[in-house]
Every structure is written in C-alpha cells, then in structure tokens.
Amino acid sequence: MIEPGKIVLFQFPKTNLQEGKMRPVLVIAKVPGRFDDWLTCAISTQLHQQIPDFDEIIQEGDDDYAFSGLRTESLIRVGRLGVLEGTVFEGAIGNITGERLDRIKSRLATWLTES
C-alpha cells in the first residue's frame, strides 16, 4: 500500500524514453483528485549534491535508516519533485519516520511560500 513516508521503487526512464534504472523515491503526499497520483521526491547516493538546511541525508545511526530499505547513505532531494501515477511503483522498500516526513513537508511549504 502506498502512503506518505514510504520509499518506493520505480523504473526511471532515460531521456530518450528507453527503459532506465530502478530508482527509489520518497512518497510525500497523494495528489488531490480522482487519479492515483503521488507527489514524490528523488533519493540519490550523490551526497555532494546536498542543499544544506533543505535536503535530508539518511545514514546509519539515524532512527529510520534500518527500516528505510536503502542500502547505503542516501540523500533525499527535497527540491527534486515529481508526480507519479501509483501504477508505476514497483513496490515499497521501506519508510522514514513521521518526524522526518514532517520536517521535509515543512521545508517544502516554507520554500514554496517564500519563492
């Protein structure tokens, strides 16, 4: 079952729309309406791309690392948003804490209202 806070996999297409790689994304929220659309943000192992005080690094020792399903320290790229139809998800691999999800949503809200 897809819900906010879940980390799910989907087949990220290449720019030429050919089949790409399986990538994790964080489910932020269900998009209002009758469609099965979800607001997501990218997850990457490229920690050097972190935007301080905006993106989240999830790492060993964090309360939610063990049940995130991620295999290595990863960067939740809060500004790399996408809306994906629920049917493209290949399944959930884990989840983050409600506290971390709330922090991410708060950063998004602040960014959008200050832009």
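These numbers were taken from a predicted model, which means no experiment stands behind them. (Residues numbered from 1 in each chain as written. Predicted model: local features only at pLDDT ≥ 70, side-chain atom pairs only at ≥ 80, totals over all residues. Heavy atoms only, no water.)

A.B. asks: What should I look at first to understand the confidence of the model for the protein in this one?
C.D. replies: Close inspection of predicted coordinates is inappropriate in any region flagged by low pLDDT. For the protein, mean pLDDT is 93; residues scoring 70 or higher make up 94% of the total. Averaged pLDDT values over the elements of the protein bottom out at 91 in strand S1 (residues 6-12) and peak at 97 in strand S4 (residues 56-58). (pLDDT = per-residue confidence, 0-100. Helix = DSSP H or I, 4+ residues; strand = E, 2+ residues; numbered from the N terminus.)

A.B. asks: Please clarify how the pattern of salt bridges should be interpreted in this entry.
C.D. replies: Side-chain pairs of opposite charge can arise whenever the charged atoms involved come near each other. Considering all chains together, one arrives at six salt bridges under this definition. Across the pair Arg103 and Glu99 runs a salt bridge whose closest N-O atoms are separated by 3.6 Å. With Arg103 and Glu99 both in helix H1 (residues 98-114), this residue pair falls four residues apart, about one helical turn. Taking relative accessible area as the criterion, Arg103 reaches 30% and is therefore assigned partly exposed. The class of Glu99 is exposed, set by a relative accessible area of 60%. Sharing partners across several salt bridges, the network here consists of Glu56, Asp62, Asp64, Glu99, Arg100, Arg103 and Arg107. (Salt bridge = Lys/Arg side-chain N within 4 Å of Asp/Glu carboxyl O. Buried < 20%, exposed > 50% of the residue type's maximum accessible area, 1.4 Å probe, protein only.)

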